[in-house]
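What follows is the residue order along each chain.
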Amino acid sequence: MSSTKFQTIESPAVPLPIENVDTDQIIPARFLKATTREGFGENLFRDWRYHKNGEPIKEFVLNKAAFTGKILVAGKNFGSGSSREHAAWAIHDYGFKVVVSSFFADIFKNNALNNGLLPVQVSESFLAILFEAIEQDAGTLIRVNLQKQSITLPVKGLSESFDINPYKKECLLNGYDDIDYLLSIKEKIIQFEKSRT
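Residues numbered from 1 in each chain as written. Predicted model: local features only at pLDDT ≥ 70, side-chain atom pairs only at ≥ 80, totals over all residues. Heavy atoms only, no water.

A. The overall build of the protein chain, seen in detail. Scanning the protein chain from N- to C-terminus turns up 8 helices and 8 strands. Out of the 197 residues belonging to the protein chain, those deemed buried represent 44%. For the protein chain, long-range pairs separated by at least 24 residues make up 64% of all intrachain contacts whose partners lie at least 6 apart in sequence. Of the roughly 10,700 Å² that the protein chain leaves accessible, carbon and sulfur atoms contribute 50%. (Helix = DSSP H or I, 4+ residues; strand = E, 2+ residues; numbered from the N terminus. Buried < 20%, exposed > 50% of the residue type's maximum accessible area, 1.4 Å probe, protein only. Contact = heavy atoms within 4.5 Å. Areas by Shrake-Rupley, 256 points an atom, 1.4 Å probe, with all protein chains shown as cover.)

B. Representation of the nonpolar core within the structure. Counting 53 residues, the largest nonpolar core has Phe45, Val73, Phe78, Val100, Phe108, Leu118 and Ile142 as the members making the most contacts within it. Examining the composition of this core, we find that 6 residues originate from one element, helix α5 (residues 124-136), more than from any other. The residues contacting valine 100, other than those within four sequence positions of it, are Ile71, Leu72, Val73, Ala74, Val120, Val122, Leu127, Leu130 and Ile151. (Core = buried A, V, L, I, M, F, W, Y, C linked by side-chain atoms within 4.5 Å.)

C. Summary view of the sheet that holds strand β6 (residues 142-145). One open sheet holds the 4 strands; their spatial order is β1-β6-β7-β8, and the pairing between them is antiparallel. The sheet is open, and its two edges are formed by β1 (9-11) and β8 (158-161), each paired on a single side. Mean inter-strand twist for the sheet, computed between neighbouring axes without regard to direction, equals 15 degrees. The pairing of β6 with strand β7 (residues 150-153) spans 3 bridges and is classified as antiparallel. By the bridge assignment for β7, asparagine 145 is matched with serine 150. (Pairing = 2+ DSSP bridges. Axes fitted to C-alpha atoms, helices over the stretch in contact; angles between N-to-C directions.)

D. Representation of the pattern of salt bridges. In total, this model carries 3 salt bridges according to the counting rule given. The partner of glutamate 10 in a salt bridge is arginine 143, with the nearest N and O atoms 2.8 Å apart. Pair noted here: glutamate 10 is in strand β1 and arginine 143 is in strand β6, with a separation of 133 residues, a long-range link. According to the relative accessible area criterion, glutamate 10 is partly exposed, its value standing at 43%. The partly exposed category is assigned to arginine 143, whose relative accessible area is 31%. Among the salt bridges present, the one from glutamate 124 reaches lysine 76, with a minimum N-O distance of 3.1 Å. (Salt bridge = Lys/Arg side-chain N within 4 Å of Asp/Glu carboxyl O.)

E. Fine view of unusual backbone geometry. The phi dihedral of asparagine 20 is positive, around 60 degrees, even though this residue is not glycine. Following the sequence through the fold, asparagine 20 ends up in the loop between β2 (13-16) and α1 (23-26). Despite not being glycine, phenylalanine 45 has its phi angle at roughly 50 degrees, a positive value. One can find phenylalanine 45 in the loop between α1 and α2 (46-49).

F. Just the pairing of β6, in detail. Sheet topology note: the β1/β6 ladder contains 3 bridges and is antiparallel. Considered in β6, the bridge of isoleucine 9 is made with valine 144.

G. Region of the structure containing α5. In a regular helix each residue adds 1.5 Å, so 13 residues correspond to 18 Å; α5 covers 19 Å between its end C-alpha atoms and thus fits that length. Among the residues of α5, those classed as buried are Phe126, Leu127, Leu130, Phe131, Ala133 and Ile134. For α5, the angular spread of buried residues about the axis comes to 165 degrees, placing them on one side. Exposed and oriented more than 90 degrees from the buried face of α5 are Glu135 and Gln136. Looking at the packing, one finds that the buried side of α5 touches β2, β3 (71-74), β4 (98-101), β6, β7 and β8. (Expected span 1.5 Å × (residues − 1). Arc of directions from axis to C-beta.)

H. Focus on the side chain of threonine 23. On the secondary structure map, threonine 23 appears in helix α1. What makes threonine 23 buried here is its relative accessible area of 2%. Contact partners of threonine 23, with chain neighbours within four places excluded, come to Gly79, Ser80, Gly81, Ser82, Arg84 and Ala87.

Interpretation in functional terms is not warranted from these geometric data alone.
The structure is reproduced here in structure tokens:
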């Protein structure tokens, strides 16, 4: 299997209430030289996280000790701009398993799903409630259940459903990439081929 199976995640979240975050802000172009997926997390949001001299920018959320977790809650239109797959690599490599937004750029959404990162699209009103809850308490837990396709804010007793391509859902639940999936249905393919001859 190419990656770990996606389990239900209950975690605090890191808030990034900025709209129109593009892939160059997620991972600047100068860091795209590597061809493997590892190591991109250290440069996630590089120009927002660090001054030019390498000193951390204290005000940026990833540099605040209060905010941790496997869920990134971002503003509307996340992942726009170029089609670089490295953006999904960087977010996943940093340790995030889920990105929540009220809208995702299509290419980013597909790149995320192909790399074990779950994009959860919610209504703008639910997103606002999430930001407010996290602002009030950095330890606020959010639960994401892929099997049920639901995202829940237990402290408020609120929940919303989200859409996902059924094939990508199955791949995430089983830790499959495209080749793993084909191998998992190898016998069905063989039987189908036999039935045609």
